[in-house]
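Inside the fold
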Amino acid sequence: MEKLFDQWAQELQELILEQDRKIFSPQVIDNYLKPKNLKEVSNPDGKGIVTGPCGDTMYIGFKANQDRIVEIGFLTDGCGPTVACGSMLTQLVEGRTLTEAAAIAQEDLLRTLGGLPESHLHCAKLAVDTLLRALKDCQDRGGEPDAQR
Ligand code: FES
């Protein structure tokens with residue numbers, strides 16, 4: 001019986017994935033199935049938590065060395081595309097300066113992800129808004145992350 005259930009669950013998962021492949025780009029699928037940087041960063045130099053209009057929330061925290069993001073993580077209770085957005089955005093900004101990170105717009109994230117359906121464009125905005133909140137938090141703390149430790 002357990003084996004039958006496992007087989008059924010796997011078939012269902014494959015069916016859902018097949019449907020998702022018709023809607024989402026391979027980059028989106030990859031990043032929500034195997035998200036990068038899905039973690040909380042301890043003692044972050046900048047931290048942002050934002051709830052979007054859909055009611056989903058994202059957290060982004062990062063550590064910086066001088067002016068450069070050296071570690072970054074995100075968490076979300078949002079949909080698969082939101083996980084993909086957090087994963088892709090954190091990869092995009094890791095290693096970049098705070099100024100470069102602040103210049104990344106929703107359109108840049110969407111382009112890197114190969115686009116999102118209209119109904120999920122706000123997921124990319126949530127990720128970018130959360131990053132901006134974290135960058136602002138870092139700036140509010142003095143903007144020189146190493147001096148904070
Ligand atoms: Fe709410 Fe994606 S549906 S952030």
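Presented here is an overview of the structure given in this document.

What counts and how
Counting from 1, residues in each chain are numbered in the order their sequence is written. At least 70 in pLDDT is required for a residue's local features to be given in this predicted model, at least 80 for side-chain atom pairs to be given and counted, and no such filter applies to totals for whole chains, interfaces and linings, which use all residues. As a rule here, side-chain values come from all non-hydrogen atoms in the structure, and water together with hydrogens is ignored. In DSSP terms, a helix is any run of H or I states spanning at least four residues, a strand is any run of E spanning at least two, and both are numbered starting from the N terminus. Relative accessibility thresholds used throughout: buried, under 20% of the residue-type maximum; exposed, over 50%; partly exposed, between the two (1.4 Å probe, protein chains only). Pairs of residues are marked as contacts when any of their non-hydrogen atoms sit within 4.5 Å. Per-residue and other accessible areas follow the Shrake-Rupley method at a 1.4 Å probe size, with only the shown protein chains counted as cover for residues. Note that His is not counted, nor are the chain ends; the positive residues are Lys and Arg, and the negative ones are Asp and Glu. A single reference atom marks each charge: NZ on Lys, CZ on Arg, CG on Asp, CD on Glu. Ring pairs are drawn from Phe, Tyr and Trp, using the six-membered ring of Trp, whenever the two centres fall within 6.5 Å, and their geometry is named by plane angle: stacked under 30 degrees, edge-to-face over 60, tilted for the rest. A residue counts toward a patch only above 30% relative accessible area and without a salt bridge, and it is joined to like-charged neighbours within 9 Å or, for Val, Leu, Ile, Met, Phe, Trp and Tyr, to nonpolar neighbours within 5 Å. Here, a salt bridge means any side-chain nitrogen of Lys or Arg that lies within 4 Å of a carboxyl oxygen of Asp or Glu.

1. Quick notes on the overall build of the protein
Each helix and strand in the protein was counted, giving 7 helices and 3 strands. Element order for the protein, N to C, with α for helix and β for strand: α-α-β-β-β-α-α-α-α-α. Counting across all 149 residues of the protein, residues that qualify as buried make up 40%. In the protein, once contacts between residues fewer than 6 apart in sequence are set aside, the share between residues at least 24 apart is 60%. Summed over all atoms, the accessible surface of the protein reaches about 8500 Å², with 52% contributed by carbon and sulfur. A distance of 3 Å separates the average location of the 16 positive side-chain charges in the protein from that of its 23 negative side-chain charges.

2. Concerning the packing of aromatic side chains
All chains considered together, the criterion is met by 1 aromatic pair. Measuring from ring centre to ring centre gives 5.8 Å for Phe5 and Trp8, while their planes differ by 40°; the resulting arrangement is tilted. Linking Phe5 with Trp8, this pair stays in helix 1 (residues 2-23), spanning 3 residues, or about one helical turn.

3. Details of a nonpolar patch on the surface
A cluster of nonpolar residues, Phe5, Trp8, Leu12, Leu15 and Ile16, forms a patch on the protein surface that exposes about 520 Å² of accessible area. By the element assignment, Leu15 lies in helix 1.

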